[in-house]
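Structural overview
Here's the letter readout for the chains.
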Amino acid sequence: MTNPMMTLNTLLEKTSDADILREMIGFASQRLMEMEVGARTGAAYGHKDPDRLVSRNGYRVRDWDTHAGTVELQIPKLRKGSYFPGFLEPRRMTEKALTAVIQEAYIQGISTRSVDDLVKAMGMDGISKSQVSRLCEDIDTRVNAFLERPLEGDWPYMWIDATYVKTRQNGSIVSVAVIIAVGVNTDGRREVLGMKIGASEAEPFWTEFLRSLTRRGLRGVKLVISDAHEGIKAAVSKVFSATWQRCRVHFMRNALAHAGKSGRRVVSAFIATAFAQDDAKSASLQWRSVADQLRPKIPKLAALMDSAEHDVLAFMAFPQAHRAKLHSTNPIERLNGEIKRRTNVVGIFPNEAAITRLIGALIMEQSEEWVVQRGRYMSLETLAPLSNDPIVMLSAVP
């Protein structure tokens, strides 16, 4: 008698039309996502409802590997917030890494009260050292492979920034810098290039980090975007033949500190007229005009503008289509915000290896998500002139 509870693998072996099964899985999963998003938005697709909570914003494609083969999913996007189907288990590696770090701190007896509460709430208080060790080893292998992977091709744009976390060293709690680099290659794709942990953001630390990226193959860097840390600026000039862009957002905060509360809105709008120009020459002329007009009443602000002109307006020398993404560190600040959200759960890390494990897993999954996105971060046509590869440059010529 045939067993009615036939496994999926057996079914696939006995049928000649696996495509039908894949289509059924795809149809069911798509309907499930539509139901989930409908509940999130407060209205079904295409329905005009005054009680709608949030609007949709198209779809993004993601491949889903199943026992029946690869199913192409169209995951709905929202204009505000984000949606990810529960059956895909988002950020599984990150969650494993967070669990491993919490367990390690608990096992070593150096956890905080919040970590102890988490361990009990998650039912992990019976975990053994060997179990934690195996989990950590599996994650570390994957994270280290990602952080040491070769970097191929040209990377014309790179954003670098640092965030700080607390860890235990020799019985004391210290704050350490975690620096991260994000780049865009000539294929228009974003990736996290690397990360490093150090005691501070001193120039030697930044220099060694950037050189480690070049040893892995990083080349073709045209513009590096960061805040106005002198250690970063000096390291960039040592390692790359590239232009340095001072983050416009950070500069404006420094500039408006000289304007006084009542004058900040006017001064901000005044300086912004330089950013609205069509080319680098016009932007510089407008920048100097604004500085000269501010000089009689706010001389310190005018002096700051004089010294920062070339660094703040560096992005204006690059293609206009890219400028909105080049003038600040916003693309990497969002990633740092996610890192902070995860690391705040731990509070104090048991060691630097645990920091690398959690943050490494997070940036690895973020990088993979960027790579598989259907749309490019920047278009091939606008990036081609920046490539050092003559074949890529010629491909842009009509």
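Residues numbered from 1 in each chain as written. Predicted model: local features only at pLDDT ≥ 70, side-chain atom pairs only at ≥ 80, totals over all residues. Heavy atoms only, no water.

Some words on the overall build of the chain
- In terms of regular secondary structure, the chain is built from 16 helices and 8 strands.
- Residue burial in the chain is summarised as follows: out of 398 residues, 45% are buried.
- Taking contacts inside the chain between residues at least 6 apart in sequence as the whole, the part at least 24 apart equals 64%.
- Approximately 21000 Å² of the chain is accessible, and the part contributed by carbon and sulfur atoms is 51%. (Helix = DSSP H or I, 4+ residues; strand = E, 2+ residues; numbered from the N terminus. Buried < 20%, exposed > 50% of the residue type's maximum accessible area, 1.4 Å probe, protein only. Contact = heavy atoms within 4.5 Å. Areas by Shrake-Rupley, 256 points an atom, 1.4 Å probe, with all protein chains shown as cover.)

Brief notes about the pattern of salt bridges
- By the definition in use, this model includes 13 salt bridges.
- Across the pair D140 and R357 runs a salt bridge, and its minimum N-O distance is 2.8 Å. Of this pair, D140 sits in helix α5 (residues 129-147) while R357 is found in helix α14 (residues 352-372), placing the two residues 217 residues apart along the sequence.
- Overall, the relative accessible area of 4% leaves R357 in the buried class.
- One salt bridge connects R288 with E309, and the closest N-O pair in it is separated by 3.0 Å. Of this pair, R288 sits in helix α10 (residues 280-294) while E309 sits in helix α11 (residues 299-312), and the two are 21 residues apart along the sequence.
- On the basis of relative accessibility, which here comes to 7%, the residue E309 falls in the buried class.
- When salt bridges with common partners are traced through the structure, they connect D292, R295 and D306 into a single cluster. (Salt bridge = Lys/Arg side-chain N within 4 Å of Asp/Glu carboxyl O.)

A short note on the packing of helix α13 (residues 330-346) against α14
- It is at 10 Å that the axes of α13 and α14 come closest, and there the two elements cross at 145°. Handedness of the α13/α14 crossing: right-handed. Each of L335, E338, I339, R342, T343 and V346 in α13 lies in contact with α14, whose residues at this interface are L358, I359, L362, I363, Q366 and W370.
- Tallied by class, residues from the contact of α13 with α14 come to 8 nonpolar, 2 polar and 2 charged. (Axes fitted to C-alpha atoms, helices over the stretch in contact; angles between N-to-C directions. Left-handed = near helix turned anticlockwise from the far one by under 90°. Nonpolar A, V, L, I, M, F, W, Y, C, P; charged D, E, K, R; others polar.)

A few points about helix α8 (residues 248-256)
- Within α8 the residues assigned to the buried category are R248, F251, M252, A255 and L256. Taken down its axis, α8 places every buried residue within 125° of arc, on the same side.
- Each element contacted by the buried residues of α8 is listed here: β7 (243-246), α9 (264-275), α10 and α11. (Arc of directions from axis to C-beta.)

Concerning the side chain of S226
- If you trace the backbone, S226 turns up in strand β6 (residues 223-226).
- Classification of S226 as buried rests on a relative accessible area of 0%.
- Among residues more than four places away in sequence, those in contact with S226 are I160, I232, W244, Q245, R246, C247 and T329.

What about helix α6 (residues 203-215)?
- Helix length check: α6, at 13 residues, gives a terminal C-alpha distance of 18 Å against a target of 18 Å (1.5 Å per residue), a fit within 8%.
- Residues F205, W206, T207, F209, L210 and L213 constitute the buried set of α6.
- Among the structural elements, β3 (157-169), β4 (172-184), β5 (190-198) and α7 (230-239) are those in contact with the buried residues of α6.
- Among the residues trailing α6, G217 stands out with phi positive, at a value near 115°. (Expected span 1.5 Å × (residues − 1).)

Describing unusual backbone geometry
- At N170, a residue that is not glycine, the phi angle is positive and equals roughly 50°.
- Mapped onto the elements, N170 comes out in the loop between β3 and β4.
- N170 gets classed as exposed once you look at its relative accessible area, which sits at 81%.

Thoughts on the nonpolar core
- By size, the foremost hydrophobic cluster in this structure holds 61 residues, and its most contacted members are W159, I180 and I363.
- Among the elements that make up this core, the one with the highest residue count is α14 (9 residues).
- Counting 23 residues, the second largest nonpolar core, distinct from the first, contains A162, L210, V239 and W244. (Core = buried A, V, L, I, M, F, W, Y, C linked by side-chain atoms within 4.5 Å.)

A word on the packing of aromatic side chains
- Counted under the stated rule, the structure contains 6 aromatic pairs.
- Between F275 and F315, the ring centres sit 6.4 Å apart and the planes meet at 50°, which makes this aromatic pair tilted. With F275 in helix α9 and F315 in the loop between α11 and α12 (323-326), the pair connects residues that are 40 residues apart, well separated along the chain.
- Looking at F315, the relative accessible area reads 2%, which means it is buried.
- Ring-pair connections join several aromatic residues into one group, and the members of that group are F251, F275, W287 and F315.
- The ring of Y377 carries the charged tip of R190 above its face, separated from the ring centre by 4.0 Å.
- Of note, R248 hangs over the ring of F275, and the distance from its end group to the ring centre comes to 4.1 Å. (Phe/Tyr/Trp six-rings, centres within 6.5 Å; stacked < 30°, edge-to-face > 60°. Lys NZ or Arg CZ within 6 Å of the ring centre and 35° of its normal.)

Note that every value here comes from positions in space, so none of it alone points to a role or purpose.
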